[in-house]
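One-letter residues, chain by chain:
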Amino acid sequence: MKTIQFREALREAMSEEMRRDEKVFLMGEEVAEYNGAYKVSQGMLDEFGDKRIIDTPIAELGFAGIGVGASMNGLRPIVEFMTWNFAILAADQIINSAAKMLQMSGGQYHCPIVFRGGNGTAGQLAATHSQSFEAFYAHVPGLKVITPSNPADAKGLLKSAIRDNDPVVFLESEKMYGDKGEVPEGEYMIPIGVADVKRKGRDVTVVSFGKVIKEAYKAADILEKEGISLEVIDLRTIRPIDYGTVVESIKKTNRCVVLEESWPLASISSEIAYHLQRYAFDYLDAPVMRVTQTDTPFAFSPTLIDEALPNAERLIEAVKATLYR
């Protein structure tokens, strides 16, 4: 094992896959000369050259479309968006072209492409630069959606995404690029669609993903001192969702809280709650609770940010509500 930053784990994944397969290339705003807006691609231009590490204009719709066309013609592009907030401009290519191409072509054209970049809240960036898009893209058939929460998962899942023959939406967090964590030495991959039980417990299952899962770890430490044991599940992949791992946990704990850094309506937590009442109803001793961002556009004010974001304190309240305390 070695300890590296989240951004280094992503860089290792891309570099290893580019060495392995000459059809893989990276394109996006500032990925080459500037080494990436968040230094994820640092040094890759020197190794792979400007034919495979390609700076693009600030035109998300345009270069996303180039990526889709390249993938249909046998290449395996990695398209980096500086932030997924900017990728709204490329939604037509992601949703109407990449996601639907296999079906619309009668199975003739796969679209092996990875769209990746920063997602969710990141400091005081206000409403238009602080959005979490997991549920937005998970709603679309034909896409796979991944949100890693640590460097090891980021590397293993990104390598799987690059090799996958379907379009993958890979959502990172701008606040996590500097996070450090242990990563296995050598090459390894994590299969898409498999959740991970990060912490075993007996009383309440907490389901989460992405950087907000850190609040679950904080809550678990606090509640452990009160004799309450949380089982923390990291979904890792948002489409497809590993429902089986969640259901098996509910059979043990009989209670569930879903922690999500996004708005409550039509969210991933809504989907988990529906699935559990449909397929694990007999095992539930309390309603499934949700802890999400407030149902408002995100604010610039630090005080309002604290009010809007889900946190360990709100999670603890929800956990105790499922225990009727």
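The preceding data block contains the structure.
The structure displayed is predicted, hence computed values, not measured ones.

*Asks:* So what's going on with the packing of aromatic side chains? Which residues, and what values?
*Replies:* Across all of its chains, the model carries nine aromatic pairs by this definition. Their ring planes at 85° and their centres at 5.8 Å tell us that Phe133 and Phe136 sit as a pair that is edge-to-face. We classify Phe133 as buried; its relative accessible area is 5%. A residue is classified by how much of its surface remains accessible, and Phe136, at 41% relative accessible area, is partly exposed. The interplanar angle of 75° and the centroid separation of 4.8 Å between the aromatic rings of Phe136 and Tyr137 together place this pair among those described as edge-to-face. Over the face of the ring belonging to Tyr34 we find Lys39, whose NZ or CZ atom lies 3.4 Å from the ring centre.

*Asks:* Just give me the short version of helix 9 (residues 243-253), but keep the residues and values in it.
*Replies:* By the burial criterion, the buried members of helix 9 are Val246, Val247, Ser249, Ile250 and Thr253. Projected onto a plane normal to the axis of helix 9, the buried residues spread over an arc of 160° and lie on a single side. As for helix 9, its buried residues are in contact with strand 10 (204-208), strand 11 (230-234), strand 13 (256-259) and helix 10 (268-279). Within two residues after helix 9, Asn254 carries a phi angle of roughly 70°, on the positive side.

*Asks:* So, the nonpolar core: which residues are in play, and what are the values?
*Replies:* Residues Phe81, Trp84, Phe115, Tyr137, Leu235 and Leu276 are the most contacted members of the largest nonpolar core, which totals 47 residues. Leu235 has contacts with Val194, Ala195, Val207, Ser208, Phe209, Ile241, Val246, Ile268 and Ile272, leaving out every residue within four places of it along the chain. The next biggest cluster of nonpolar side chains, apart from the first, holds 33 residues, and it includes Val24, Ile53, Leu158 and Ile192.

*Asks:* An account of the packing of helix 1 (residues 6-20) against helix 7 (residues 151-163) is needed here, citing residue identities and associated values.
*Replies:* Running from N to C, helix 1 and helix 7 cross one another at 30°; their axes reach a closest spacing of 8 Å. In terms of axis orientation, helix 1 runs roughly parallel to helix 7. Considering how the two elements wind past one another, helix 1 and helix 7 form a crossing that is right-handed. Every residue of helix 7 that contacts helix 1 at Phe6, Ala9, Leu10, Glu12, Ala13, Met14, Glu16, Glu17 and Arg20 is listed here: Pro151, Ala154, Lys155, Leu158, Lys159, Ile162 and Arg163. Among the residues making up the contact of helix 1 with helix 7, the classes are represented as nine nonpolar, no polar and seven charged.

*Asks:* Help me get a handle on the pairing of strand 4 (residues 76-81), residues and values and all.
*Replies:* For strand 4, the tally of buried residues reaches six of six residues, placing the bulk of the element in the interior. Pairing of strand 4 with strand 5 (residues 114-119), which is carried by four bridges, proceeds in the parallel orientation. Bridging across to strand 5, Glu80 finds its partner in Arg116.

*Asks:* Before we move on, can you summarise the sheet that holds strand 13 with the specific residues and values?
*Replies:* Strands sit in the order 9-11-10-13-14 across an open sheet of five strands; the sheet is mixed. At either margin of the open sheet sits one strand with a lone partner, and together these are strand 9 (196-199) and strand 14 (289-291). When the angles between neighbouring strand axes are averaged without regard to direction, this sheet yields 25°. Looking at chain direction, strand 10 and strand 11 are connected through five bridges and run parallel. Pairing of Thr205 across the sheet is with Glu231, part of strand 11.

*Asks:* So, the packing of helix 3 (residues 60-72) against helix 4 (residues 91-98): which residues are in play, and what are the values?
*Replies:* The geometry of helix 3 relative to helix 4 is characterised by a closest axis approach of 8 Å and an angle of 30° between their N-to-C directions. Comparing their axes, helix 4 and helix 3 come out roughly parallel. Contacts between helix 3 and helix 4 involve Leu61, Ala64, Gly65 and Val68 from the former and Asp92, Gln93, Ser97 and Ala98 from the latter. Partitioned by chemical class, the residues of the contact of helix 3 with helix 4 number four nonpolar, three polar and one charged.

Calculation rules
- Residues numbered from 1 in each chain as written.
- Predicted model: local features only at pLDDT ≥ 70, side-chain atom pairs only at ≥ 80, totals over all residues.
- Heavy atoms only, no water.
- Phe/Tyr/Trp six-rings, centres within 6.5 Å; stacked < 30°, edge-to-face > 60°.
- Buried < 20%, exposed > 50% of the residue type's maximum accessible area, 1.4 Å probe, protein only.
- Lys NZ or Arg CZ within 6 Å of the ring centre and 35° of its normal.
- Helix = DSSP H or I, 4+ residues; strand = E, 2+ residues; numbered from the N terminus.
- Arc of directions from axis to C-beta.
- Contact = heavy atoms within 4.5 Å.
- Core = buried A, V, L, I, M, F, W, Y, C linked by side-chain atoms within 4.5 Å.
- Axes fitted to C-alpha atoms, helices over the stretch in contact; angles between N-to-C directions.
- Parallel < 35°, antiparallel > 145°, perpendicular 65-115°, else oblique.
- Left-handed = near helix turned anticlockwise from the far one by under 90°.
- Nonpolar A, V, L, I, M, F, W, Y, C, P; charged D, E, K, R; others polar.
- Pairing = 2+ DSSP bridges.

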